[in-house]
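Examination of the molecular architecture
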Amino acid sequence: MKKWIPIASGLLAGFIAATITFADFSAKTNTEAASSNKSDAEKVYVPFGQKDDYYLFASGGHSGQMFIYGVPSMRKIRTIPVFSQDSATGYGFDEHSKKLMGGYTWGDLHHPAFSETKGDYDGKWMFATDVGNSRAAVVDLETFTTKDIIKVPNTAGPHCAAFVTENTEYMFLPTRFAVPVGQKYESLDNYSQNYRGVMSAVTFDEKNVKLNIAYQVALPPWSYDLSDAGKKGSADWAVMTTYNTEEATTTLEVNASQADRDYIVLFNWKELEKMVKEGKYEDVDGQKMIYPEKQKGGIYLVPVAKSPHGVDVTPDGKYFIASGKLAPAMTVFSFEKAFKAVENKDFAGERNGIPILNYKSVMEREVNPENALGPLHTQFDDKGMAYTTMFISSEVVKWDPNTGKTLDRVPVQYSPGHSVAAEGDTVSPDGHWLVALNKIAKDSYLSVGPSHPESMQLIDISGKMKVIQSAPVDPEPHYAQMIKADKIKTINVYPKDEKNKDAVYKQNDTKIVRKGNEVHVYGIAMRSRFIFDAKAKRPDVIEVNEGDHVFIHLTNIDFDEDITHGFAINSYDLNIEVQPGQTNTIEFTADKAGTFPIYCTNFCSALHQEMNGYFLVKPKQ
Ligand code: CUK
Ligand code: CUA
């Protein structure tokens with residue numbers, strides 16, 4: 001067996017420092033680009049009237065949002081607010097999205113994942129998780145809007161997710177930070193006994209557009225970093241990397257890198273599902289909690305070089321590849337060998353009651369491209385070749401998982417985290433394009449002060465790898481997925497919903513209804529006026545008493561693509577949007593007496609500036 005090749009942390013600090021002194025390296029690249037041949041420019045040029053071949057959905061990290069780009073042009077098309085408020089769309093202000101946000105104002109959106117059918121992106125839904133406030137969300141790809149958010153209890157920072165199983169049966173949300181079950185107070189001196197690394201199994205009810213927690217698993221109090229679902233022959237299984245199996249409770253930078261190895265958790269979700277059906281769980285605050293030390297047979301540990309980060313399953317479902325941020329090697333493991341080791345009870349002891357598979361029995365090969373450092377994440381092309389980002393040596397390395405041979409490498413600017421290949425997580429990736437998601441842009445763009453944007457670089461992988469385009473991106477693309485554009489079918493306008501009692505489609509149906517101190521406005525927005533009560537002397541005025549509880553239900557009756565209206569009340573800190581055909585509600589207490597102009601925030605017509613009204617609040621005697 002090959003020795004682990006751990007890098008001393010001092011040396012690692014040196015390498016990290018080295019990545020920010022690569023200035024003249026980039027200068028060279030830029031010069032090359034300047035004298036570049038036209039064919040690269042033509043490859044990324046999408047003439048007016050034509051459209052990009054792919055959508056790229058990038059995680060917005062601690063912006064809490066998702067950013068949509070077109071590939072190959074690398075033009076940004078949209079921001080979808082998910083976990084954070086967004087005044088551009090009124091997200092987090094209107095009743096529905098405010099409720100979805102669950103009282104939180106921000107999120108840290110990591111890995112976006114498309115819904116899948118038979119291991120292929122089906123273009124219907126997009127999932128994402130929030131490390132900041134432990135939530136999961138689903139975005140509807142007909143409207144590019146967030147439809148449901150669920151708060152996951154006992155799981156603190158579901159960083160690993162979201163990776164869906166082959167037919168979107170589950171997404172698994174393991175915790176990044178171990179906490180006591182119920183997140184109750186518990187001294188850190190009792191960490192190993194009373195803290196847990198709980199993983200939540202989340203399902204999506206497509207009919208009711210609801211996320212649910214099916215069950216949870218009380219894993220050991222370690223940090224769970226990345227995961228991936230099996231494919232084809234390994235479809236019933238999933239893998240995830242761990243670190244801090246040392247169970248350090250302070251200064252993790254040093255203390256979580258002590259042991260030579262951590263583990264990959266390999267679990268069979270069909271087995272776990274069966275355990276739940278057979279009642280082999282404990283009820284913990286209404287959650288079905290599986291304790292792996294008591295319920296054996298669903299979860300195994302595979303030893304791996306210390307502090308691994310990414311783990312990625314090959315498109316054929318045969319291998320899982322772990323990348324070690326502190327080691328220069330990628331390790332290829334075989335599912336088939338792992339299944340055999342499980343069957344033969346080929347164990348090297350256990351930890352926390354979970355059997356450890358023999359490393360030698362499961363490992364296929366260790367891959368160590370010369371001078372490549374800090375492998376993080378791996379993507380695949382149409383031939384099954386692997387592309388691994390090297391954070392420390394700032395490059396993407398192409399290699400063959402079947403032989404371990406290095407095939408190609410290309411420098412990127414700088415320090416890539418993830419990369420994303422066209423249809424890269426499916427059972428049949430497209431090849432052609434890879435986008436490196438770089439953590440540091442440094443001198444790539446016009447300076448905007450001491451802090452810079454992150455950078456996405458488009459790499460043509462159809463022949464020898466070549467960076468041919470670059471685009472700045474807001475913090476922080478932790479991952480992205482790229483889908484064929486024709487798989488996504490958006491709607492042009494919201495269809496009329498006669499069953500929605502808040503919706504009003506005819507001017508004469510508009511009204512203002514008072515029930516005690518509750519005021520309900522049933523209004524419409526159209527080019528270029530608001531009508532709150534068509535029969536009133538001034539149809540565009542809402543008058544209430546100080547302290548009234550106000551509901552404004554607003555329907556955009558312009559059934560015309562792209563004619564969106566906004567609704568803001570000046571100095572009331574309120575703003576919502578109604579897209580064509582949409583009905584939206586805003587609810588608030590009129591706690592300030594006075595005269596407040598209402599106006600449309602979205603430029604909708606030549607007379608948009610006339611789309612005003614007044615919100616009058618009569619003072620309490
Ligand atoms: S992580 Cu590895 S670079 Cu997927 Cu949240 Cu950011
Ligand atoms: Cu409606 Cu501007």
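Residues numbered from 1 in each chain as written. Chains lettered and ligands numbered in written order. Predicted model: local features only at pLDDT ≥ 70, side-chain atom pairs only at ≥ 80, totals over all residues. Heavy atoms only, no water.

1. A few points about the sheet that holds strand β27 (residues 406-411)
Stated precisely, the cut-off is as follows: DSSP bridges decide pairing: two strands pair if at least two such bridges lie between them. Here a strand is any run of E in DSSP of at least two residues, a helix any run of H or I of at least four, and the numbering for each starts at the N terminus. Angles shown run from 0 to 180 degrees and are taken between the N-to-C directions of axes, each axis being a line fitted to C-alpha atoms and, for helices, limited to the stretch in contact.
Strand order across the open sheet formed by four strands is β24-β25-β26-β27, with antiparallel pairing between neighbours. Edge positions in the sheet fall to β24 (375-380) and β27, since each of these pairs with one other strand and no more. Averaged over neighbouring strand pairs, the angle between their axes works out to 20° when direction is ignored. Summarising the sheet, strand β25 (residues 386-390) and strand β26 (residues 395-399) pair through five bridges and their orientation is antiparallel. Directly across from Thr388, in β26, lies its bridge partner Val397.

2. Concerning the site of ligand 1
Rule in force here: Proximity criterion: a residue is near a molecule or strand once any of its heavy atoms comes within 4 Å of it. In this classification, Asp, Glu, Lys and Arg are treated as charged, Ala, Val, Leu, Ile, Met, Phe, Trp, Tyr, Cys and Pro as nonpolar, and every other residue, Gly included, as polar.
Around ligand 1, a shell composed of His110, His111, His159, Leu226, His309, His377, Gly417, His418, Lys439 and His478 is seen. Split into classes, the residues belonging to the shell around ligand 1 amount to one nonpolar, eight polar and one charged.

3. Examining the layout of surface pockets
Rule in force here: Each cavity reported here is a set of points on a 1 Å grid over the protein atoms alone in which a 1.4 Å probe fits but cannot get out, each pocket an open set with protein on both sides within 12 Å along at least five of seven lines, and each lining residue one with an atom within 4 Å of a point. Grid points are joined across faces, edges and corners, and a volume is the space filled by probe spheres set on the points.
If you add up the space inside the largest pocket, you get close to 1200 Å³. In this structure, the largest pocket is lined by 37 residues; those nearest its centre are Ile77, Arg78, Thr490, Glu561 and Asp562. Taken together, the residues of the lining of the largest pocket break down into 17 nonpolar, eleven polar and nine charged.

4. Observations regarding the sheet that holds strand β42 (residues 612-618)
Read from one edge to the other, the open sheet built from five strands follows the order β36-β42-β41-β38-β39, with strand pairing classed as mixed. The sheet terminates laterally at β36 (541-545) and β39 (574-578), the two strands that pair on one side only. Here the strands of the sheet are splayed against their neighbours by 15° on average, with no regard to which way each runs.

5. Quick notes on the UniProt feature "domain: Cytochrome oxidase subunit II copper A binding" (unreviewed entry) in the protein chain
The test is simple: UniProt positions are given in the numbering used here, feature names are shortened, and annotations may be inferred rather than shown by experiment.
The positions that UniProt labels "domain: Cytochrome oxidase subunit II copper A binding" (unreviewed entry) are, in the present scheme, residues 516-621. Note that residues 516-621 is 0% helix and 52% strand, and that its end C-alpha atoms are spaced 17 Å apart.

6. Digging into unusual backbone geometry
Of the consecutive residues Val71 and Pro72, the connecting peptide bond is found in the cis state with omega at 20°. Relative to the helices and strands, Pro72 is located in the loop between β2 (65-71) and β3 (76-81). With an omega of 0°, the peptide bond between Ala161 and Ala162 qualifies as cis. You can see Ala162 is positioned in the loop between β7 (145-151) and β8 (171-174).

7. Observations regarding helix α8 (residues 335-343)
Condition: Summary of the burial criterion: residues with accessible area below 20% of their type's maximum are buried, those above 50% are exposed, and those between are partly exposed, where the area comes from a 1.4 Å probe applied to protein chains only. Within this analysis, the arc is defined by the directions that extend from the helix axis to the C-beta atoms. Nitrogen and oxygen atoms within 3.5 Å of one another constitute a polar contact, given that in protein one can donate a hydrogen and the other can accept it, and given that sequence-neighbouring residues count only through two side-chain atoms.
Listing the buried residues of α8 in full gives Phe335, Ala338, Ala341 and Val342. Projection of α8 onto a plane perpendicular to its axis shows the buried side chains occupying an angular sector of 120°, all on one side. Along α8, exposed side chains directed more than 90 degrees from the buried face belong to Glu336 and Glu343. For α8, the capping residue at the N-terminal end is Ser334, with a side-chain oxygen 3.3 Å from the backbone nitrogen of Glu336. Immediately beyond the C-terminal end of α8, within one or two residues, lies Lys345, with a positive phi of roughly 50°.

8. Looking at the domain arrangement of the protein chain
Cut-off, in case you're wondering: By convention here, the domain bounds are inherited from an automatic or database domain assignment.
Domain assignment breaks the protein chain into domain 1 (1-50), domain 2 (54-487) and domain 3 (507-618). For domain 1 versus domain 2, the separation of C-alpha centres amounts to 23 Å.

9. A word on the packing of aromatic side chains
This is how the line gets drawn: Aromatic rings from Phe, Tyr and Trp, with only the six-membered ring used for Trp, were paired whenever their centres fell within 6.5 Å, and each pair was classed as stacked if the ring planes differed by under 30 degrees, edge-to-face if by over 60, and tilted otherwise. For a ring to carry a charge above it, either NZ of a lysine or CZ of an arginine must fall within 6 Å of the ring centroid while also lying within 35 degrees of the normal to the ring plane.
Overall, the coordinates contain 29 aromatic pairs when judged by the stated rule. For the pair Tyr505 and Phe559, a centre-to-centre distance of 6.1 Å together with 40° between the ring planes defines the contact as tilted. Of the two residues, Tyr505 is situated in the loop between β32 (480-484) and β33 (511-515) and Phe559 in the loop between β37 (549-556) and β38 (565-569); the sequence distance between them amounts to 54 residues. Residue Tyr505 is classed as buried on the basis of its relative accessible area, which comes to 13%. The cationic tip of Lys294 hangs over the ring face of Tyr291; the distance from NZ or CZ to the ring centre is 4.8 Å. Above the face of the Tyr522 ring, Lys511 is positioned so that its terminal group lies 5.3 Å from the ring centre.

10. Examining the side chain of Asn268
Quick reminder of the rule: Only heavy atoms matter for contacts: two residues are in contact if any of them lie within 4.5 Å across the pair.
For Asn268, the location among the structural elements is in strand β14 (residues 261-268). For Asn268, a relative accessible area of 10% corresponds to the buried category. Setting aside residues up to four positions removed in sequence, Asn268 forms contacts with Asp236, Trp237 and Gly298.

11. Digging into the nonpolar core
Let me state the cut-off plainly: What we call a nonpolar core is a set of buried Ala, Val, Leu, Ile, Met, Phe, Trp, Tyr and Cys residues that are connected through their side-chain atoms within 4.5 Å.
If you look at the biggest cluster of nonpolar residues, it comprises 27 residues, and the most contacted ones within it are Phe530, Ile552, Phe567, Ile569, Tyr572, Phe588 and Phe615. With near-sequence residues (within four places) excluded, Ile569 lies in contact with Ile552, Leu574, Phe588, Phe596, Pro597, Ile598 and Phe615. Within the second largest apolar cluster, 24 residues are counted, among which are Ala201, Tyr215, Val217 and Ile356.

12. Re the side chain of Thr585
Of note, Thr585 is situated in strand β40 (residues 583-589). Given a relative accessible area of 6%, Thr585 falls into the buried group. A distance of 2.8 Å separates the side chain of Thr585 from the side chain of His553, its partner in a polar contact. Once residues within four sequence positions are removed from consideration, Thr585 is found in contact with Asp94, Glu95, Asp502, Phe551, Ile552 and His553.

13. As for helix α7 (residues 269-277)
Residues spaced three or four apart along an α-helix point in a common direction, a consequence of the helix completing one turn every 3.6 residues. Taken as a whole, α7 has its buried residues at Trp269, Leu272, Met275 and Val276. Seen along its axis, α7 keeps its buried residues to an arc of 110°; they face one direction. Its side-chain oxygen placed 2.9 Å from the backbone nitrogen of Lys270, Asn268 serves as the N-cap of α7. Positive backbone phi, approximately 75°, marks Gly279, located one or two places after α7.

14. A closer look at the pattern of salt bridges
Let me state the cut-off plainly: By convention in these notes, a salt bridge is any Lys or Arg side-chain nitrogen within 4 Å of a carboxyl oxygen on Asp or Glu.
Across all of its chains, the model carries 28 salt bridges by this definition. Between Glu476 and Lys439 there is a salt bridge; the shortest N-O distance is 3.1 Å. You can see Glu476 sitting in the loop between β31 (466-473) and β32 and its partner Lys439 sitting in the loop between β29 (433-438) and β30 (454-460), a full 37 residues away along the chain. With respect to burial, Glu476 and Lys439 carry one shared label: buried. Through salt bridges that share partners, Asp40, Lys43, Asp460 and Lys466 make up one connected network.

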